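Each chain, written out:
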Amino acid sequence: MSPGDYGTKAVPSYIAAEAETTPLPKITVPVAAPPASSSKGLGDLPMRVVYRAIAVAAGVVVLGAGAAVVLLNRGDPATATAAPRHSAAAVSSAAPASSAPGAAAPAAGAVATPGLSPLSSPLPSPLSSTGTSATPSAAVSPDAVDPALAAALKDPRVPALPKDGRRLRSLPGRAAATHGLLKDRRSGVSLPRFTKTWAPAKPAPFASRQLLPEVKGAPYRGMLVSCPVPIPEQKTLRDTAFLAARWTLNHHPSGATITWTASQPIKAGKRKGWLLGYTVHYTLNGRKRVSAAALALVDVPERKPAVVFVTIPDSQKKRWHDINKVMSSVKAL
């Protein structure tokens, strides 16, 4: 046995310890790299970006809440009506008073029905889509009133009209004789043609004119005229008649004033009309005098309304009943 061959005998421990060994290979377990991220963490963002994101999110929340309120209130008529009023009020309060220099303030307590002048009778409120009565606005812009009518309402010579339906009373005396009707084709009406007491006269500036004889010592006498209405036509016959009555003061003594005796709708043949009766007060030669007067305003097709006006002073009061004759005979042609 050679020195290096021990056969099947056990190798002494001291020999095994000194035997040459091959070092084991070093096993390295690869560590997976963290996944690449395209966005930075919250801590890596600048604070201004964070604040801007918060503000945008808050705005989205507010818009969403507003949209929800609108959708919930869409079916509520009261809410839908109130919104424009609040908006109008906000605009009004935002506008400074100096934005309209020289603009006149509306009269305190002035109330009017929309679409109607202060003289017109109120009409029932129009029905809303639900079939209930709609509430009219509490006031009407001053621009809604015609300037001529606005001036008449401020005229101290002409008071407000009385309640509708006040009929013309029967005046004293007996009506003068007539000979048929005088047809005023320019105005579109017919009226009595008086004989004897009344005399036809040169019509200008009217379309027709009849006069009572002059009275000694009295510079003013009875007159019956007709013509197309010489003032701006208003929305209602009543308001137009009111302006026409004010215009007749031009044919009475200076300083004359009016008190009303009648205000009523009439039928002038097949056309509608409005009648006003009134007493004219004035002073002549230091004495207070009066005239009885009336006018009929008649709706005429395709032209301006016609006016038939009669006035008779107290110096000729025996002829006052002729006023009743005239007003009961006026007809549209």
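Because the structure is a prediction, the values reported are computed rather than measured. (Residues numbered from 1 in each chain as written. Predicted model: local features only at pLDDT ≥ 70, side-chain atom pairs only at ≥ 80, totals over all residues. Heavy atoms only, no water.)

Q: Could you clarify how one ought to interpret the side chain of N324 in this entry?
A: Within the secondary structure, N324 sits in helix 6 (residues 322-329). Note on N324: relative accessible area 14%, which makes it buried. Those residues in contact with N324, other than ones at most four positions away along the chain, are L168, R169, S170 and L171. (Helix = DSSP H or I, 4+ residues; strand = E, 2+ residues; numbered from the N terminus. Buried < 20%, exposed > 50% of the residue type's maximum accessible area, 1.4 Å probe, protein only. Contact = heavy atoms within 4.5 Å.)

Q: Looking at this structure, I do not really get the nonpolar core. What am I missing?
A: Grouped burial of nonpolar side chains is what soluble globular proteins tend to show. Counting 33 residues, the largest nonpolar core has F242, W260, L276, Y278, V280, L295 and F309 as its most contacted members. At the level of elements, helix 4 (147-153), strand 5 (223-228), helix 5 (237-247), strand 6 (257-268), strand 7 (271-284), strand 8 (287-298) and strand 9 (306-313) are the ones that each hand at least two residues to this core. F194, A262, A294 and I323 belong to the second-largest nonpolar core, a separate cluster that totals 28 residues. (Core = buried A, V, L, I, M, F, W, Y, C linked by side-chain atoms within 4.5 Å.)

Q: What is the right way to read the sheet that holds strand 2 (residues 189-194) from this model?
A: Sheets are built from strands paired through backbone hydrogen bonds, the pairs being either parallel or antiparallel. Taking strand neighbours across the sheet as the criterion, the three strands line up as 1-2-10 in an open arrangement whose pairing is antiparallel. The open sheet terminates on both sides in strands that have one partner only, identified here as strand 1 (178-184) and strand 10 (331-332). Pairing analysis gives five bridges linking strand 1 to strand 2, with the strands arranged antiparallel. Opposite L181, over in strand 2, you have P192 as the bridge partner. In this fold helix 6 packs onto strand 1, strand 2 and strand 10, with an angle of close to 150° to the strand it touches most, strand 2. (Pairing = 2+ DSSP bridges. Axes fitted to C-alpha atoms, helices over the stretch in contact; angles between N-to-C directions.)

Q: When you look at the confidence of the model for the protein in this model, what are you seeing that I'm missing?
A: A low pLDDT means the predicted coordinates there should not be read in detail. Looking at the protein as a whole, the pLDDT averages 74, with 57% of positions reaching at least 70. Counted against residues more than four places away or in other chains, residues 11-22, with its pLDDT under 50, gives two contacts. (pLDDT = per-residue confidence, 0-100.)

Q: Help me understand the packing of aromatic side chains, please; the structure alone is not making it clear to me.
A: Two numbers describe a pair of aromatic rings. These are the distance of the centres and the angle of the planes. Tallied over the entire structure, the rule returns five aromatic pairs. Where Y220 meets Y282, the ring centres are 5.8 Å apart and the plane angle is 80°; that geometry is what we call edge-to-face. You can see Y220 sitting in the loop between strand 4 (208-211) and strand 5 and its partner Y282 sitting in strand 7, a full 62 residues away along the chain. Under the relative-accessibility criterion, Y220 is labelled buried at 11%. Ring centres 5.6 Å apart and planes at 70° place the aromatic pair W260 and Y278 in the edge-to-face group. Within this pair, whereas W260 is found in strand 6, its partner Y278 is found in strand 7, the two being separated by 18 residues in sequence. Comparing W260 with Y278 shows no difference in burial state: the two are buried. (Phe/Tyr/Trp six-rings, centres within 6.5 Å; stacked < 30°, edge-to-face > 60°.)

Q: What am I meant to see in the environment of V326 here?
A: Within the secondary structure layout, V326 lies in helix 6. Once the C-alpha coordinates of V326 and A175 are considered, the two residues, 151 residues apart in sequence, prove to be 9.2 Å apart. Setting aside chain neighbours within four positions, we find V326 in contact with P192, F194, L224 and V308.

Q: Please explain helix 6 as it appears in this structure.
A: Helical periodicity: at 3.6 residues per turn, an α-helix aligns residues three or four positions apart in one direction. Counting buried residues in helix 6 gives six out of eight residues, a clear majority hidden from the surface. Taken residue by residue, helix 6 has D322, I323, N324, V326, M327 and S329 as its buried positions.

Q: Please clarify how the sheet that holds strand 3 (residues 199-200) should be interpreted in this entry.
A: If you trace the seven strands from one edge of the open sheet to the other, you get 3-4-5-9-8-7-6, paired in antiparallel fashion. The sheet is open, and its two edges are formed by strand 3 and strand 6, each paired on a single side. Sheet topology places strand 6 next to strand 7; eleven bridges connect them, and they run antiparallel. Bridge assignment links W260 to a residue of strand 7, and that residue is Y278. Contacting strand 5, strand 6, strand 7, strand 8 and strand 9, helix 5 runs over the sheet at an angle of about 25° to strand 7.

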